[in-house]
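The primary structure of each chain is shown beneath.
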Amino acid sequence: MNTYNEKEIIALLQDPARQKEAFECIVNEYSEQLYWQIRRMVLSHEDANDLLQNTFIKAWTNLEYFRAEAKMSTWLYRIALNECLTFLNKQRATNQLSIDDADADMVNKLESNTYFNGDETQILFQKALLTLPEKQRIVFNLKYFQEMKYEDMSEILGTSIGALKASYHHAVKKIENFLKECL
């Protein structure tokens, strides 16, 4: 299979003899975009890779629960988002960090990350993102970086389109204010 056609892939998922082949197509199609969404949440390359693998393992083991009513991408993003939130909550609990300390820890990770070679402006932008509440950061990442439609975000996050638009607007304003204060 050369091009990804979701309807064909979903049909192949129903055929036990071709299920593995179909899932490989799904992994090839969504790995990069899911990796970057996860990476924006956890910042660490190693953690992002682990969470990406966990996402695909959960998807594979729960294929029978996928309802083709939603897009495959929506289902995978929801799994990835849940993996990220679980990971971040465990990390906070393990390190017994308050939310403010956890954000400071994320900034330290960002600054010491050997895989991140951004200039000062990019680092400042990432720090601005880390000042956002988790939900606003998720909405901002999906809209700004992935250019995801609000309708798709609504399915993934289980939130109304109006609330998502408000979250994105507030996130943009907070980022602008943070950058004005720093520049």
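Just so it is clear, the model here is predicted, and its values are computed rather than measured.

**What to know about the confidence of the model for the chain**
Line of reasoning, step 1. Considering every residue of the chain, the mean pLDDT works out to 87; 86% of them sit at 70 or more.
Line of reasoning, step 2. Helix α5 (residues 99-112) is the least confidently modelled element of the chain, averaging 54 in pLDDT, while helix α3 (residues 45-61) averages 97, the highest of any element.

**Quick notes on the environment of Phe140**
Line of reasoning, step 1. As for its placement among the helices and strands, Phe140 is situated in helix α7 (residues 134-145).
Line of reasoning, step 2. A relative accessible area of 4% means that Phe140 is categorised as buried.
Line of reasoning, step 3. Remark: the alpha-carbon pair of Phe140 and Ala171, spanning 31 residues in sequence, is separated by 6.6 Å.
Line of reasoning, step 4. Apart from residues lying up to four places away in sequence, Phe140 is in contact with Phe125, Leu129, Leu132, Phe145, Tyr168, Ala171, Val172 and Ile175.

**Regarding the packing of aromatic side chains**
Line of reasoning, step 1. Here the structure, examined in full by the defined rule, presents twelve aromatic pairs.
Line of reasoning, step 2. The interplanar angle of 65 degrees and the centroid separation of 6.2 Å between the aromatic rings of Phe125 and Phe145 together place this pair among those described as edge-to-face. Residue Phe125 is located in helix α6 (residues 120-130), and its partner Phe145 is located in helix α7; the two are separated by 20 residues in the primary sequence.
Line of reasoning, step 3. Taking relative accessible area as the criterion, Phe125 reaches 17% and is therefore assigned buried.
Line of reasoning, step 4. When its relative accessible area of 26% is taken as the criterion, Phe145 is described as partly exposed.

**A look at the environment of Asp47**
Line of reasoning, step 1. Relative to the elements of secondary structure, Asp47 occurs in helix α3.
Line of reasoning, step 2. Since its relative accessible area comes to 17%, Asp47 is described here as buried.
Line of reasoning, step 3. Between the C-alpha atoms of Asp47 and Cys84, which are 37 residues apart in sequence, the distance is 9.4 Å.

**Structural notes on empty space enclosed by the protein**
Line of reasoning, step 1. A complete count under the given rule lists three cavities of 30 Å³ or more for this structure.
Line of reasoning, step 2. As a volume, the second largest cavity reaches approximately 60 Å³.
Line of reasoning, step 3. In this structure, the second largest cavity is lined by Gln37, Ile38, Met41, Tyr77, Ala80, Leu81, Cys84, Leu142 and Ile156.
Line of reasoning, step 4. A total of four residues in the lining of the second largest cavity trace back to one element, the largest contributor, which is helix α4 (residues 72-95).
Line of reasoning, step 5. Looking at the lining of the second largest cavity residue by residue, the class counts come to eight nonpolar, one polar and no charged.

Conventions used here
- Throughout, a residue's number is its position along its own chain's written sequence, starting from 1.
- This being a predicted model, a pLDDT of at least 70 is required before a residue's local features are given, and a value of 80 or more before pairs of side-chain atoms are given or counted; all residues contribute to the totals for chains, interfaces and linings.
- To obtain the side-chain values, all non-hydrogen atoms of the structure were used and water was disregarded.
- Each residue carries a pLDDT score, the predictor's own confidence in it, on a scale running from 0 to 100.
- Starting at the N terminus, helices and strands are each numbered in turn, a helix being any DSSP run of H or I of at least four residues and a strand any DSSP run of E of at least two.
- Throughout this description, buried means an accessible area under 20% of the type-specific maximum (1.4 Å probe, protein chains only), exposed means over 50%, and partly exposed covers the range between.
- Any two residues having at least one pair of non-hydrogen atoms within 4.5 Å are treated as being in contact.
- Two aromatic rings from Phe, Tyr or Trp, using only the six-membered ring of Trp, form a pair when their centres are within 6.5 Å; if the ring planes differ by under 30 degrees the pair is stacked, by over 60 it is edge-to-face, and anything between is tilted.
- Lining residues are those with an atom within 4 Å of a point, where the points come from a 1 Å grid over the protein atoms alone and group into cavities, where a 1.4 Å probe fits but cannot get out, or pockets, open sets with protein on both sides within 12 Å along at least five of seven lines.
- Grid points are joined across faces, edges and corners, and a volume is the space filled by probe spheres set on the points.
- Three categories are distinguished: nonpolar for Ala, Val, Leu, Ile, Met, Phe, Trp, Tyr, Cys and Pro, charged for Asp, Glu, Lys and Arg, and polar for the others, with Gly belonging to the last.

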